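# Examining the three-dimensional arrangement
Residues per chain, in single letters:
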Amino acid sequence: MLTTSTELFKKAIAGKYAIGAFNVNNLEIIQGIMEGAKEKQSPVILQVSAGARKYAGSLYLRRLIEAAAEGNPEIPIVFHLDHGEDFEVCKDCIDNGFTSVMIDGSKHSYEDNVALTKKVVDYAHSKGVVVEGELGRLEGMEDNIKVEAGQGSYTDPQQALDFVKKTGVDSLAVAIGTSHGAYKFAMDANPKLDFERCQAISDLVKIPLVLHGASSVLQNFVEEINAYGGAVKGSKGVPEAMISEATKHGVAKVNIDTDIRLAMTAATRKSLKENPDNFDVRKFLGAARTAVTEMVKHKIDILGSAGKI
Ligand code: G3H
Ligand code: 13P
Ligand code: ZN
């Protein structure tokens, strides 16, 4: 069943767990996630980025997500726009079945971010759609802009309060030390997230917080990719214990894309290598889909959302 995140987040905050927001780009990813959510009886957020729309097309993705909802009536599914670039993209999604949109104004000045976010909130709320805003800048790739190491900025709690008051956003993506992609921390680094800041923001804004760039870059996938001919080197993500910890400090939505990519790439490489005579694409795409299901089930356990439908 398609739903907004309002009630799901309320329950998650109260129960100190989070809902996984998984990036979707094709049929196998959507089916893989839904199978995991079904087995774990967990709510789930299916989110669509600009890259996903470019790759698969908005209409195909919408129809696939509608099929996921029809096939899984007992599972609450939030259909979410990830990193909405401008008002027009958000409006298009609000008008076309999304139940939640993110307007990512973090690349703009504070004043412009406030104005843009408020404009999206006003339109979205008039249509019963909820909005995620972003304040602070994550390092790594965002909106096709590379934010270099050292150029990110953590979310300021007082500014977050002002932002939420002025815009009326329903949830807020915060920068507390995570980043997008597979290379979040140096291999020899001791990863740290600023949970104190996260708690301070949560206490002030009193709306659910969102953690972007939250993949753990599971080393078993990296090792498998490399064992079967790949060359993914020096990549380290957010330790899963820290993801669990974040759910105790006001984080109700945890974004995961990179771990899906790694799981599928590892399974595809393995299947192709082990079956050199195979050219039935369903065999390796099926293996990739199963890998997504297993990875999603594991994440649901880390996030604590099993059985919370
Ligand atoms: O936050 C970004 C997501 O990982 C989506 O990436 O634009 O390559 O689909 P993408
Ligand atoms: P990862 O690259 O850590 O999976 O983050 C994804 C994300 O934040 C999507 O918005
Ligand atoms: Zn993101």
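Structure first, text after, so check above.
Attention in this report is confined to the structure presented alongside it. All values derive from a computational prediction rather than experimental measurement.

Calculation criteria
- Residues numbered from 1 in each chain as written.
- Chains lettered and ligands numbered in written order.
- Predicted model: local features only at pLDDT ≥ 70, side-chain atom pairs only at ≥ 80, totals over all residues.
- Heavy atoms only, no water.
- Near = heavy atom within 4 Å.
- Polar contact = N/O pair within 3.5 Å; in protein donor to acceptor, adjacent residues only side chain to side chain.
- Areas by Shrake-Rupley, 256 points an atom, 1.4 Å probe, with all protein chains shown as cover.
- Helix = DSSP H or I, 4+ residues; strand = E, 2+ residues; numbered from the N terminus.
- Nonpolar A, V, L, I, M, F, W, Y, C, P; charged D, E, K, R; others polar.
- Axes fitted to C-alpha atoms, helices over the stretch in contact; angles between N-to-C directions.
- Left-handed = near helix turned anticlockwise from the far one by under 90°.
- Contact = heavy atoms within 4.5 Å.
- Donors = N, O, S within 2.8 Å, 3.2 Å for Na, K, Ca; no water.
- Buried < 20%, exposed > 50% of the residue type's maximum accessible area, 1.4 Å probe, protein only.
- Pairing = 2+ DSSP bridges.
- Core = buried A, V, L, I, M, F, W, Y, C linked by side-chain atoms within 4.5 Å.

### Brief notes about the site of ligand 2
- Residues in contact with ligand 2 amount to 15 residues; listed here are only the nearest, Asp82, Lys184, Ser215, Asp257 and Thr258.
- Within the contact set of ligand 2, an oxygen atom lies 3.1 Å away from a side-chain nitrogen or oxygen of histidine 212.
- Between ligand 2 and alanine 214 there is a distance of 3.2 Å, counted from an oxygen atom to a backbone nitrogen or oxygen.
- When ligand 2 is considered free in solution it has 310 Å² of accessible area, and contact with the protein chains removes 96% of it.
- Of all elements in the fold, only strand 3 (77-84) and strand 10 (251-256) reach the threshold of two or more residues within the shell around ligand 2.
- For the shell around ligand 2, the class distribution of residues is two nonpolar, ten polar and three charged.

### Observations concerning the packing of helix 9 (residues 219-227) against helix 11 (residues 258-274)
- The interhelical angle for the contact between helix 9 and helix 11, taken along N-to-C directions, is 35 degrees, at an axis separation of 8 Å. Of the two elements, helix 9 crosses helix 11, and the hand of that crossing is left-handed. Only Asp259, Leu262, Ala263, Thr265, Ala266, Ala267, Arg269 and Lys270 of helix 11 make contact with helix 9, whose side of the interface consists of Phe221, Val222, Glu224 and Ile225.
- In the contact of helix 9 with helix 11, the residues fall into seven nonpolar, one polar and four charged.

### Notes on the coordination of the zinc ion (ligand 3)
- The protein atoms that coordinate the zinc ion (ligand 3) are His83 (NE2), His180 (NE2) and His212 (ND1), at distances spanning 2.0 to 2.1 Å.
- Positions of the donor residues of the zinc ion (ligand 3) along the chain correspond to the pattern H-x96-H-x31-H. Here histidine 212 lies in the loop between strand 9 (209-211) and helix 9 and histidine 180 lies in the loop between strand 8 (171-174) and helix 8 (195-205), a separation of 32 residues in the sequence. In this pair, the class of histidine 180 matches that of histidine 212, namely buried.

### A short note on the sheet that holds strand 9
- With parallel pairing, the eight strands of this closed barrel are ordered in space as 1-2-3-4-5-8-9-10. Taking each pair of neighbouring strands and ignoring which way they run, the sheet shows an average axis angle of 25 degrees.
- Bridging between strand 2 (residues 44-48) and strand 3 involves five bridges; their strand directions are parallel. Along strand 3, the bridge assignment pairs valine 48 with leucine 81.
- Strands strand 1 (19-23), strand 2, strand 3, strand 5 (130-135), strand 8 and strand 10 of the sheet are contacted by helix 1 (residues 6-15), whose axis makes an angle of about 110 degrees with strand 10.
- Sitting on the sheet, helix 5 (residues 87-94) is in contact with strand 3 and strand 4 (100-103), with an inclination near 175 degrees to strand 4.

### Some thoughts on the nonpolar core
- Counting 81 residues, the largest nonpolar core has Ile33, Val44, Leu46, Val101 and Leu172 as its most contacted members.
- Non-local contacts of isoleucine 33, meaning those with residues more than four positions away in its chain, are made with Phe22, Asn23, Val24, Val44, Leu46, Ile260, Val292 and Val296.
- The next biggest cluster of nonpolar side chains, apart from the first, holds nine residues, and it includes Leu8, Phe9, Ala21 and Val78.

### A look at the site of ligand 1
- If you check the shell around ligand 1, you find Asn23, Ser49, Gly51, Ala52, Asp82, His83, His180, Asp257 and Arg261 and nothing else.
- Within the side chain of histidine 83, a nitrogen or oxygen atom sits 3.3 Å from an oxygen atom of ligand 1.
- Between arginine 261 and ligand 1, the recorded distance is 3.0 Å, taken from a side-chain N or O atom to an oxygen atom.
- Considered on its own, ligand 1 offers 310 Å² of accessible surface; in the complex 71% of this is hidden by protein.
- Residue composition of the shell around ligand 1, by class: one nonpolar, five polar and three charged.

### Thoughts on the packing of helix 7 (residues 157-167) against helix 8
- One way to put it is that helix 7 packs onto helix 8 with a least axis distance of 9 Å and a crossing angle of 30 degrees. Once helix 7 is placed against helix 8, the crossing between them reads as right-handed. Counted together, Pro157, Gln158, Ala160, Leu161 and Val164 of helix 7 and Arg197, Ala200, Ile201, Leu204 and Val205 of helix 8 form the full contact between these two elements.
- Of the residues contributing to the contact of helix 7 with helix 8, the split by class is eight nonpolar, one polar and one charged.

### Brief notes about unusual backbone geometry
- Despite not being glycine, lysine 206 has its phi angle at roughly 55 degrees, a positive value.
- One non-glycine residue, valine 217, lies in positive phi territory at about 50 degrees.
- If you trace the backbone, valine 217 turns up in the loop between strand 9 and helix 9.
- Overall, the relative accessible area of 1% leaves valine 217 in the buried class.

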